[in-house]
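Structural characterization, general
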Amino acid sequence: MPFAPALSPSAKGFSPLPTLSRPARRQPITPVAGRRPRAHLWQIGCQMNQADRDRLAEQLQEIGIDPESRQQDADLVILLTCAVRQNAEQKVYGKFKELSSWKAERPGRAIALTGCMAVEHGEQLLQRLPGLDYMFDVREPEGFLSKLQDAFCVELDGPMPLPASDRLTAYVPVIGGCNEMCTYCIVPFVRGRETSRPLQDVVQDVARLVERGVREITLLGQNVNSYVDPASGVGLAGLMRAVDRVPGLLRQRFLTSHPRNAVPELFSAMGELVTACEQLHLPVQSGSNSCLARMKRLYSVEQYKEQIALARSMVPGLAISTDIIVGFPGETDEEFEETVQLMQEIKFDVVHMQAYSPRPGTAAARRSDDVPMEEKKRRLARLLSISRDSALAANLAQVGRVAEVLVERLPEEGSMGFGRTRQNRVVRFSGTAKVGTLASVQLQSATVSHLVGTVTVAPVGES
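Residues numbered from 1 in each chain as written. Predicted model: local features only at pLDDT ≥ 70, side-chain atom pairs only at ≥ 80, totals over all residues. Heavy atoms only, no water.

With that out of the way, let us pick up the overall build of the chain. Across its full length, the chain holds 13 helices and 16 strands. When burial is assessed residue by residue, the chain has 53% of its 463 residues classed as buried. For the chain, the share of sequence-separated contacts (at least 6 apart) that also reach a separation of at least 24 residues comes to 74%. Working note: accessible area of the chain is about 20400 Å², and carbon and sulfur atoms make up 53% of it. (Helix = DSSP H or I, 4+ residues; strand = E, 2+ residues; numbered from the N terminus. Buried < 20%, exposed > 50% of the residue type's maximum accessible area, 1.4 Å probe, protein only. Contact = heavy atoms within 4.5 Å. Areas by Shrake-Rupley, 256 points an atom, 1.4 Å probe, with all protein chains shown as cover.)

Laid out in structure tokens, this is it:
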């Protein structure tokens, strides 16, 4: 069983800023005798937040705290927050209100907050949330972890062993921050400028996860395809080739790409590497050049379509997903129709769409939010209809083929097995298979959301 390193002794010197904790206003955390201290991690937002959550859980494990407790059993709840949309922030405030009564049920319980809201709002949150005990930057958690270690009086006799993972898939951050400065996006302000991790560190993380049972990893970054190894200058394609050599890894994906950095070398790696999945998430945001210019996306619709055509030619069977914003300030009926035309032409496998909402501090927030909400909803409904038609057509095209499926759940009485193809299509299946292995599934029917089939011994080959 692999061991995680204990918290570095140098971390003992860190301490949270006085404005970010309330040691004099709260009951000390008091662990229940006879058991390890327990934490519950609540997370909302993007895949990077999920990766932050997984990493923080391991760091808590290192200092002797159980990070996977149910909320009702926990001594500490940590909120990993998102500030990209107003709706996400409101969910955090709602969760905090719920936790206020949880905290009052037993003396010694505590609430901590981290993530993008902590960076964006800072100590204003301490004023708005009087029951909040700790706030810290998840990118530099050492001071918070050291404080917890002191508060719980946890004495470690050597490093704590990490349990085997029950996850088959995991996110591995490779680059943080963003340099693009799109006018609608707050990420550069809360995540900072782009900083790539050393290639060898990423490969070691992947190897460690595979040793613990993970079979599919997703290389993660706000702009993952702008990754550059600080030592060698190797880009994302080179990183993928290094990850491909990790023994036991079955699949790798990457999120999220910017069209400006979707280069032929990347598509070449996707087409050549055994573990690289035939899936590309390439956010377009709008099908109108004038709207893209106001968003400061720095590419044209024509350039985007050229990239999609090149990717499809170099990666057979490629599935394409994207992001689209409707109702961006100034979006006219004509600009929206250009987005409709793009969707009908590209025929995306999956489209993540949202109505624009202004975020304070962004350039777009200085513009008038002049598209009425009812019109935004109408436009969303129309795009959703087009997206569903494209998704159904893509799934129906798979019927009759044999797909390689990573088995995530076995068939049980009253339910079918569950897994995903290399293109990330959901498959429900019957027949004999083993969790964590690749099964050949004969696809027999399809819906908008998933495929249905039976495990077979026929050769794998989804195209």
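Structure shown, so let's carry the discussion forward.
Another point: empty space enclosed by the protein. Any empty space left between atoms is shown by rolling a water-sized probe over those atoms. Counting across every chain of the model gives one cavity of 30 Å³ or more. Around the largest cavity, the lining residues are G115, C116, V119, D137, V138, R139, V190 and R191. When contributions to the lining of the largest cavity are tallied by element, the ones reaching two or more residues are α3 (116–121) and α6 (187–191). Here the residues of the lining of the largest cavity are counted per class, giving four nonpolar, one polar and three charged. (1 Å grid on protein atoms, 1.4 Å probe; cavity = no way out; pocket = protein on both sides within 12 Å on 5 of 7 lines; lining within 4 Å. Points joined across faces, edges and corners; volume = space filled by probe spheres on them. Nonpolar A, V, L, I, M, F, W, Y, C, P; charged D, E, K, R; others polar.)

So, on to the pattern of salt bridges. On inspection of all chains with the given rule, the structure shows 30 salt bridges. Here K95 and E98 are joined by a salt bridge, their closest N and O atoms 3.1 Å apart. Here K95 pairs with E98, and both are found in helix α2 (residues 86–105), just three residues apart, close to one helical turn. Using a relative accessible area of 10% as the deciding quantity, one classes K95 as buried. For E98, a relative accessible area of 39% translates into the label partly exposed. The closest approach of N and O atoms between R251 and E404, which form a salt bridge, is 3.2 Å. Of this pair, R251 sits in strand β8 (residues 251–255) while E404 sits in strand β12 (residues 402–409), and the two are 153 residues apart along the sequence. The pair R251 / E404 is uniform in exposure class, with both members buried. (Salt bridge = Lys/Arg side-chain N within 4 Å of Asp/Glu carboxyl O.)

Here we come to the pairing of β12. Consecutive side chains of a regular strand alternate in pointing toward one face of the sheet and then the other. Here β12 lies mainly inside the structure; six of its eight residues are buried. Bridge count for β12 against strand β15 (residues 438–446) is five bridges, and the pairing is antiparallel. Across the sheet, L406 pairs through a bridge with L438, a residue of β15. As judged from the three bridges shared by β12 and strand β13 (residues 417–420), these two strands associate in the antiparallel manner. Of the residues in β13, the one forming a bridge with L406 is R420. (Pairing = 2+ DSSP bridges.)

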